[in-house]
Amino acid sequence: MVPLPNLLAFIVAAVVLIAVPGPSVLFVVGRSIAYGRRVGLLSVLGNTMGLIPQIVAVALGIGAVVSASATMFTVIKAAGAVYLVYLGVQAIRHRHRIHAGTGPGDEVTTRHVVTQGFTVGFTNPKALVFLAAVLPQFVEPASGAPGFQMFVLGAVFVVIGLICDSAWAMVASVTRSWFTDSPRRQAQLSATGGLMMIGLGGTLALSGNKA
């Protein structure tokens, strides 16, 4: 098991790192503004679930291979960026339907929204590089089973991320609720959320190869 001092130190570091707005937070806020609380929270769930395969990869040593390969890193990054831009464009295209009750906030199934969030989380290579760099720092080799220790730390990271990102989603959805009495303003807000996702996709695509 992870020694208690290491675990407590990791929790503090994880809270500080996750609380600072990054790609995941911007994605969740954009979705919440565009579609409302339900889609925002489901996006948090999916995005957080997307971290699980990355944590498994890091624990098995695969994460280090991916983070060391510029080609593989770039391919994954490009795929994630394109998908974010696609989601942003969809939010803008359907901004009027959303207020009318026929947009993604109502008609798209829970499974579909969670899958979208999972895809964004899974195709975020910067999270993989971060996990590969940070998790081993809190592992105590003398305690044995370093892979299992990284699984435990990864699980803690997922729980903290789920809580923090959910809080961001709730705050963003409250902002959206202020505009429900005006179809025009709500459509503009939905378009703003879409632009945020497009901007995030562009930023990820143009950023350096390493986090």
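Residues numbered from 1 in each chain as written. Predicted model: local features only at pLDDT ≥ 70, side-chain atom pairs only at ≥ 80, totals over all residues. Heavy atoms only, no water.

- The name given to the chain in an unreviewed UniProt entry is LysE family translocator, and the organism recorded there is Williamsia marianensis.

### Notes on the overall build of the chain
Then, number 1: Scanning the chain from N- to C-terminus turns up twelve helices and zero strands.
Then, number 2: Walking the chain from its N terminus toward its C terminus, one meets helices and strands in the order α-α-α-α-α-α-α-α-α-α-α-α.
Then, number 3: For the chain, the proportion of its 211 residues judged to be buried stands at 45%.
Then, number 4: Pairs at least 24 apart in sequence give 86% of the contacts found in the chain among residues at least 6 apart. (Helix = DSSP H or I, 4+ residues; strand = E, 2+ residues; numbered from the N terminus. Buried < 20%, exposed > 50% of the residue type's maximum accessible area, 1.4 Å probe, protein only. Contact = heavy atoms within 4.5 Å.)

### Overview of the UniProt feature "transmembrane region" (unreviewed entry) in the chain
Then, number 1: What UniProt calls "transmembrane region" (unreviewed entry) maps, in this numbering, to residues 6-29, 41-64, 70-89, 151-175 and 187-206.
Then, number 2: Each end of residues 151-175 is marked by a C-alpha atom, and these two atoms are 36 Å apart; helix forms 100% of the span and strand 0%. (UniProt positions renumbered as here; feature names shortened; annotations may be inferred.)

### Comments concerning helix H9 (residues 110-122)
Then, number 1: Spanning 13 residues, H9 covers 18 Å between terminal C-alpha atoms, matching the ideal 18 Å at 1.5 Å per step.
Then, number 2: Regarding H9, the residues found buried are Val113, Val114, Gln116, Gly117, Val120 and Gly121. For H9, the angular spread of buried residues about the axis comes to 155°, placing them on one side. (Expected span 1.5 Å × (residues − 1). Arc of directions from axis to C-beta.)

### What to know about the nonpolar core
Then, number 1: Judged by nonpolar contacts, the single largest core of 23 residues is most densely connected at Phe10, Leu135, Leu153 and Phe157.
Then, number 2: Those elements that place two or more of their residues in this core are helix H1 (4-19), helix H4 (51-60), helix H10 (125-134) and helix H11 (146-177).
Then, number 3: Considering every element that reaches this core, the biggest residue donor is H11, with seven residues.
Then, number 4: In this structure, Phe10 is in contact with Val134, Leu135, Phe138, Leu153, Val156 and Phe157, ignoring residues within four places of it in sequence. (Core = buried A, V, L, I, M, F, W, Y, C linked by side-chain atoms within 4.5 Å.)

### Some thoughts on the packing of helix H3 (residues 37-49) against H4
Then, number 1: Here H3 crosses H4 at 15°, and the two axes come no closer than 4 Å. What the angle tells us is that H3 and H4 run roughly parallel. Of the residues in H4, those in contact with Asn47, Thr48 and Met49 of H3 are Leu51, Ile52 and Pro53.
Then, number 2: Along the lines of polarity and charge, the residues of the contact of H3 with H4 split into four nonpolar, two polar and no charged. (Axes fitted to C-alpha atoms, helices over the stretch in contact; angles between N-to-C directions. Parallel < 35°, antiparallel > 145°, perpendicular 65-115°, else oblique. Nonpolar A, V, L, I, M, F, W, Y, C, P; charged D, E, K, R; others polar.)

### Notes on the packing of H3 against H9
To characterise two packed helices, one gives the angle between the axes of the helices and the distance between these axes.
Then, number 1: Running from N to C, H3 and H9 point in directions that differ by 45°, and their axes come no closer than 6 Å. Relative to H9, the element H3 lies oblique. For H3 against H9, the interelement crossing comes out right-handed. When H3 is examined against H9, the residues Arg38, Val39, Leu42, Ser43, Leu45, Gly46, Asn47 and Met49 are found in contact with a partner set consisting of Thr110, Val113, Val114, Gly117, Phe118, Val120 and Gly121.
Then, number 2: Broken down by class, the residue content of the contact of H3 with H9 amounts to eight nonpolar, six polar and one charged. (Left-handed = near helix turned anticlockwise from the far one by under 90°.)

### What to know about the packing of aromatic side chains
Then, number 1: Under the definition given, this model contains one aromatic pair.
Then, number 2: Plain terms: the ring middles of Phe118 and Phe122 are 5.9 Å apart, the flat faces sit at 5° to each other, and that makes the pair stacked. Highlighted residues: Phe118 and Phe122, both in helix H9, separated by four residues, approximately one helical turn.
Then, number 3: Residue Phe118 is classed as partly exposed on the basis of its relative accessible area of 29%.
Then, number 4: Take Phe122: its relative accessible area is 42%, and that puts it in the partly exposed class. (Phe/Tyr/Trp six-rings, centres within 6.5 Å; stacked < 30°, edge-to-face > 60°.)

### Details of a nonpolar patch on the surface
Then, number 1: Where nonpolar side chains cluster on the molecular surface, the patch consists of Met1, Leu45, Met49, Ile52, Val56, Leu60, Phe148, Phe151 and Leu162 and spans about 790 Å² of accessible area.
Then, number 2: Structurally, the position occupied by Met1 is in the segment before H1.
Then, number 3: Classification of Met1 as exposed rests on a relative accessible area of 61%. (Patch = residues over 30% accessible without salt bridge, like charges linked within 9 Å, V, L, I, M, F, W, Y side chains within 5 Å. Areas by Shrake-Rupley, 256 points an atom, 1.4 Å probe, with all protein chains shown as cover. Salt bridge = Lys/Arg side-chain N within 4 Å of Asp/Glu carboxyl O.)

### Examining the confidence of the model for the chain
Then, number 1: Confidence along the chain averages 74 in pLDDT terms, with 67% of residues attaining 70 or more.
Then, number 2: When mean pLDDT is taken per element in the chain, H3 scores highest with 92 and helix H8 (residues 104-107) scores lowest with 46.
Then, number 3: Below a pLDDT of 50 lies the segment residues 98-107, which in the model reaches 24 contacts outside its immediate sequence neighbourhood of four places, other chains included. (pLDDT = per-residue confidence, 0-100.)

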